[in-house]
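Residue-level listing of the chains:
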Amino acid sequence: MNRYDGFREFVLARQQALTRSAYLLTGDAHLAEDLLQSVLLKVANHWPRLVRHGTPEAYTRKAMINQYISWRRRKQLELPNTDPPERGHAHDDATIDRIILRQALARLTPRQRAVIVLRFYEDLSERETAEILGCSLGTVKSQTHHALGRLRTLAPELSQLFAEIEEVRR
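Computed from a predicted structure; not experimentally measured.

Visitor: Quick question: what am I supposed to make of the pattern of salt bridges here?
Guide: Pairs may arise between side chains of opposite charge once their charged atoms sit close together. Using the criterion set out here, one finds four salt bridges in the structure. Put simply, E57 and R14 hold a salt bridge, and the shortest N to O gap is 2.8 Å. Here E57 is found in helix α4 (residues 56-74), whereas its partner R14 is found in helix α1 (residues 7-26), with 43 residues between them in sequence. In this structure, E122 and R20 form a salt bridge, with 3.4 Å as the shortest nitrogen-oxygen distance. Note that E122 is positioned in the loop between α6 (110-121) and α7 (126-133) and R20 in helix α1, a separation of 102 residues in sequence. The exposure class of E122 is buried, given its relative accessible area of 12%. Here R20 falls in the partly exposed class, since its relative accessible area comes to 39%. A cluster of three or more residues bridged by salt bridges with shared partners is formed by R14, R20, E57, R61 and E122.

Encoded structure:
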């Protein structure tokens, strides 16, 4: 039996979702690839233990969040440009909303951004988010509340989107 049995299959099955999470955290496709690659190296090193405990997905997500926060603390991660996009050609409203939301997400603290990505993009419960972040349920609720408030301030033009999120949370 090979030490890495199942690792390749795990990566192939989860790569798209993990890449999306990494992109949402970093706001940049190339940084997302770097983040995911560095995390998958850590996952590979711990693969037999992760398989034994049945937690490769949770470990990978937690490692990705921790690595992202670590990069931000060390200032190794350059934030994407937050200048408004040029209006050289027509965009539909959804595209403009995505650009505005991405720019607002880039201005959140690393923990707030992690909570928003896990809760609303990955559709994890508050409890699952708390487990991945290694914090209490109350901290997740508080960080979510503060992050949504900050997003409302940073991107008031997305008020309808935030109202829908609040409705879902109730």
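Visitor: Explain the layout of surface pockets to me, please; I cannot follow it from the model alone.
Guide: The gaps left among the atoms become clear once a water-sized probe is rolled over them. The computed volume of the second largest pocket comes to approximately 180 Å³. In this structure, the second largest pocket is lined by Y23, L24, T95, R98, I99, L101, R102, L105, R113 and Y121. Elements supplying a minimum of two residues to the lining of the second largest pocket: α1, α5 (93-106) and α6. If one sorts the elements of the lining of the second largest pocket by residue count, α5 sits on top with six residues.

Visitor: What is the right way to look at unusual backbone geometry in this model?
Guide: Not every positive phi belongs to a glycine, and D123 is a case in point at roughly 55°. Tracing the backbone through its elements, the reader meets D123 in the loop between α6 and α7.

Visitor: What is the right way to read the packing of α6 against helix α8 (residues 137-154) from this model?
Guide: Working note: a packed helix pair is described by the angle between its axes plus the distance between those axes. α8 packs onto α6 with a crossing angle of 100° between their chain directions and a minimal axis gap of 9 Å. Between α6 and α8, the angle is such that the two are roughly perpendicular. Contacts between α6 and α8 involve R111, Q112, V115, I116, R119 and F120 from the former and V140, Q143, T144, H146, A147, L148 and L151 from the latter. Here the residues of the contact of α6 with α8 sort into seven nonpolar, four polar and two charged.

Visitor: How should I be thinking about the confidence of the model for the protein in this particular structure?
Guide: As a note on interpretation, predicted positions should not be read in detail where pLDDT is low. Per-residue confidence for the protein averages 83 on the pLDDT scale, and 83% of its residues sit at or above 70. In the model of the protein, helix α9 (residues 159-169) stands out as the element of lowest mean pLDDT, 68, in contrast to helix α2 (residues 29-45), which has the highest, 93.

Visitor: Could you clarify how one ought to interpret the packing of α2 against α4 in this entry?
Guide: Packing of α2 against α4 brings their axes to within 9 Å, and their N-to-C directions diverge by 125°. The pairing of α2 with α4 is recorded here as oblique in orientation. Between α2 and α4 lies a crossing of right-handed hand. Between α2, through L31, D34, L35, L36, S38, V39, L40, K42 and V43, and α4, the contact on the second element is made entirely by Y59, T60, A63, M64, Q67, Y68 and W71. Residues of the contact of α2 with α4, tallied by class, amount to 11 nonpolar, three polar and two charged.

Visitor: Hey, could you run me through empty space enclosed by the protein in this one?
Guide: Applying the stated criterion to the full structure yields one cavity of 30 Å³ or more. Considering only enclosed or pocket space, the largest cavity measures out at about 40 Å³ in volume. For the largest cavity, the full set of lining residues is S21, L25, R61, M64, I65, V117 and L118. Among the elements that line the lining of the largest cavity, the one with the most residues is α4, at three residues. Across the lining of the largest cavity, the residue classes break down as five nonpolar, one polar and one charged.

Visitor: How should I be thinking about α8 in this particular structure?
Guide: Helical geometry note: an α-helix holds 3.6 residues per turn, so side chains three or four residues apart project in the same direction. Between the first and last C-alpha of α8 there are 26 Å, a value that for 18 residues agrees with the 26 Å anticipated at 1.5 Å per step. Buried within α8 are the following residues: V140, T144, A147, L148, L151 and L154. What you see down the axis of α8 is that its buried residues fit within an arc of 125°, all on one side. The exposed residues of α8 that point more than 90 degrees off its buried face are H145 and T153.

Analysis parameters
- Residues numbered from 1 in each chain as written.
- Predicted model: local features only at pLDDT ≥ 70, side-chain atom pairs only at ≥ 80, totals over all residues.
- Heavy atoms only, no water.
- Salt bridge = Lys/Arg side-chain N within 4 Å of Asp/Glu carboxyl O.
- Helix = DSSP H or I, 4+ residues; strand = E, 2+ residues; numbered from the N terminus.
- Buried < 20%, exposed > 50% of the residue type's maximum accessible area, 1.4 Å probe, protein only.
- 1 Å grid on protein atoms, 1.4 Å probe; cavity = no way out; pocket = protein on both sides within 12 Å on 5 of 7 lines; lining within 4 Å.
- Points joined across faces, edges and corners; volume = space filled by probe spheres on them.
- Axes fitted to C-alpha atoms, helices over the stretch in contact; angles between N-to-C directions.
- Parallel < 35°, antiparallel > 145°, perpendicular 65-115°, else oblique.
- Contact = heavy atoms within 4.5 Å.
- Nonpolar A, V, L, I, M, F, W, Y, C, P; charged D, E, K, R; others polar.
- pLDDT = per-residue confidence, 0-100.
- Left-handed = near helix turned anticlockwise from the far one by under 90°.
- Expected span 1.5 Å × (residues − 1).
- Arc of directions from axis to C-beta.

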